[in-house]
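Tertiary structure, described
Residues per chain are reported as follows:
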Amino acid sequence: MPAKKLLIMSVSAGMGHVRAAEAIRACALQHPEVAEVVHLDAMDFVTAGFRKVYTDFYVKLVDKAPTLWGYLYNHTHEAKADSSLERLRRALERMNARALRRQIRALQPDAIICTHFLPAEMLARQIHLGELSCPVWVQVTDFDLHRLWVHQGMAGYFAANDEVAFRMQAQGIEARNIEVTGIPIMPAFGQALSRSVCAAEYGLDPAQSTVLLMGGGAGVGSLETIAQRLMRLEQRFQLLVLAGRNQQALASLQALALEHPGRLFPQGFTGFVERLMACADLVITKPGGLTTSECMAMGLPMIVNSPIPGQEERNADYLLEQGVALKAFDGVTLEYRVRRLLDQPALLAAMRERSRALGRPDAAQRVLARVLA
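All values reported here derive from a predicted model rather than from experimental measurement.

1. Here's the deal with a negative patch on the surface
A cluster of like negative charges, contributed by Glu163, Glu313, Asp317 and Glu321, occupies part of the molecular surface. By residue number, the principal contributor to the negative patch is helix H13 (residues 311-321), which donates three residues. When you line up the elements, glutamate 313 lands in helix H13.

Dropping the structure here:
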């Protein structure tokens, strides 16, 4: 078969969709049947006003008014696709994305994979009008299915788990067009990494229990507040805190680390999160679909905090039901959960085994295999 040209489309409203697209792209670059792979962020090809509303407004909404976001999530899920408001929304999207359609026509891909519902929705209309003939596939990036992901004319859907696949069928997608692959993550999370080697890179004791803190939030507190609370615990453990690009938080954590030598280890942005995870026995994180999939691929138990109403609440429900996570809704609960898991190594070990069993480090490869077939 001739090698194919793939187009992967994401939307930078939250980074999970982009990271899933990059994971598929990383695997495609190594695949002998792929001649070229292009990853487009749809927000790079829409009007400035539309981009600001779609990305900046989303980030501010989930940060400052998460309850309102939860209402919108549920309202749009229940809304009828042929309602006047939904038709207006789709018309505005088309009007603001002419450059995106031109770019797709110029690329002439053999297949398209969407890791966000917006490009899938736009392409569904083009397929309906006969303006696009190549197959379009959709990768859902949470452990839930919102109605906006479901469109006629798609070649197939990739689901995070069996329940999402079941919900797809309930929305009218034929079973033969659904494959349960998991959520695509970078190949590095599927590698066997040496804990001792990775611990040495960060000055950690590989024999000591290690907690990785990856995010604070409303109700639980900032990274610095959480770190201060956990440093007061009497149990012996190391706390590795990932501050990302938040320089103010990193500076505060570095000052706090001087008060707790050998116990608190702040880290700034890194492209090697998997090496931090290789050092950890427990991860405290928000329940995004990508981050939690990375944790499970590495067999890590989780304490999930401050889920965004809507998709992250559904993700948290799934993780709790599967026995791979506990939930903390405020700082006191977080402290209790950490104490409990550190005091009960058997419980932590059971969660670790369950997490490893649910992990799907080969999700991106499975997506490619189906698309290329």
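Alright, that's what it looks like, and here's the rest.
2. Description of the sheet that holds strand S6 (residues 178-180)
In spatial order, the strands read S2-S1-S3-S4-S5-S6; together these six strands make up an open sheet with parallel pairing. Edge positions in the sheet fall to strand S2 (34-41) and S6, since each of these pairs with one other strand and no more. For this sheet, the mean angle separating the axes of adjacent strands, direction not counted, is 20°. Taken together, the four bridges between strand S1 (residues 4-10) and strand S3 (residues 111-114) define a ladder with parallel strand orientation. Each residue of the ladder has a partner; that of leucine 6, found in S3, is alanine 111. Packing of helix H5 (residues 98-107) onto the sheet brings it into contact with S1, S2 and S3, and relative to S1 it is tilted by some 165°.

3. Observations regarding the environment of proline 287
In this fold, proline 287 is placed in the loop between strand S10 (282-285) and helix H12 (289-297). When its relative accessible area of 0% is taken as the criterion, proline 287 is described as buried. It is 9.8 Å that separates the C-alpha atoms of proline 287 and glycine 215, two residues lying 72 residues apart in sequence. Every residue in contact with proline 287, bar those within four places of it in the chain, is listed here: Thr292, Val304, Asn305, Pro307, Glu312, Asn315, Ala316 and Leu319.

4. Description of the packing of helix H9 (residues 223-231) against helix H14 (residues 331-343)
The geometry of H9 relative to H14 is characterised by a closest axis approach of 10 Å and an angle of 45° between their N-to-C directions. Comparing their axes, H14 and H9 come out oblique. Crossing of H9 against H14: the hand is right-handed. Only Gly331, Val332, Leu334, Glu335 and Val338 of H14 make contact with H9, whose side of the interface consists of Ile226, Arg229 and Leu230. Class assignment for the residues of the contact of H9 with H14 results in five nonpolar, one polar and two charged.

5. Considerations on the packing of aromatic side chains
All told, the structure shown has four aromatic pairs when counted by the stated rule. On the numbers, 5.5 Å between centres and 15° between planes, the contact of tryptophan 137 with phenylalanine 158 is stacked. Here tryptophan 137 is found in strand S4 (residues 136-139), whereas its partner phenylalanine 158 is found in strand S5 (residues 156-159), with 21 residues between them in sequence. Residue tryptophan 137 shares its accessibility class with phenylalanine 158, and that shared class is buried. We note arginine 245 situated over the ring of phenylalanine 269; from NZ or CZ to the ring centre the distance is 3.8 Å. The ring of phenylalanine 237 carries arginine 263 above its face, with NZ or CZ at 5.3 Å from the centroid.

6. So, a nonpolar patch on the surface
On the surface, Leu85, Leu88, Leu92 and Met95 cluster together into a nonpolar patch covering about 380 Å² of accessible area. Counting through the fold element by element, methionine 95 comes out in helix H4 (residues 84-96).

7. Quick look at the packing of helix H1 (residues 16-29) against helix H16 (residues 363-372)
One way to put it is that H1 packs onto H16 with a least axis distance of 9 Å and a crossing angle of 65°. If you check the angle between H1 and H16, you find them roughly perpendicular. Every pair of crossing elements has a handedness; the one defined by H1 and H16 is right-handed. Along the contact surface, H1 presents Ala23, Ile24, Cys27 and Ala28, while H16 presents Ala364, Gln365, Val367 and Leu368. Across the contact of H1 with H16, the residue classes break down as seven nonpolar, one polar and no charged.

Rules used throughout
- Residues numbered from 1 in each chain as written.
- Predicted model: local features only at pLDDT ≥ 70, side-chain atom pairs only at ≥ 80, totals over all residues.
- Heavy atoms only, no water.
- Patch = residues over 30% accessible without salt bridge, like charges linked within 9 Å, V, L, I, M, F, W, Y side chains within 5 Å.
- Areas by Shrake-Rupley, 256 points an atom, 1.4 Å probe, with all protein chains shown as cover.
- Salt bridge = Lys/Arg side-chain N within 4 Å of Asp/Glu carboxyl O.
- Lys, Arg positive; Asp, Glu negative; His and termini not counted.
- Charge placed at Lys NZ, Arg CZ, Asp CG, Glu CD.
- Helix = DSSP H or I, 4+ residues; strand = E, 2+ residues; numbered from the N terminus.
- Pairing = 2+ DSSP bridges.
- Axes fitted to C-alpha atoms, helices over the stretch in contact; angles between N-to-C directions.
- Contact = heavy atoms within 4.5 Å.
- Buried < 20%, exposed > 50% of the residue type's maximum accessible area, 1.4 Å probe, protein only.
- Parallel < 35°, antiparallel > 145°, perpendicular 65-115°, else oblique.
- Left-handed = near helix turned anticlockwise from the far one by under 90°.
- Nonpolar A, V, L, I, M, F, W, Y, C, P; charged D, E, K, R; others polar.
- Phe/Tyr/Trp six-rings, centres within 6.5 Å; stacked < 30°, edge-to-face > 60°.
- Lys NZ or Arg CZ within 6 Å of the ring centre and 35° of its normal.

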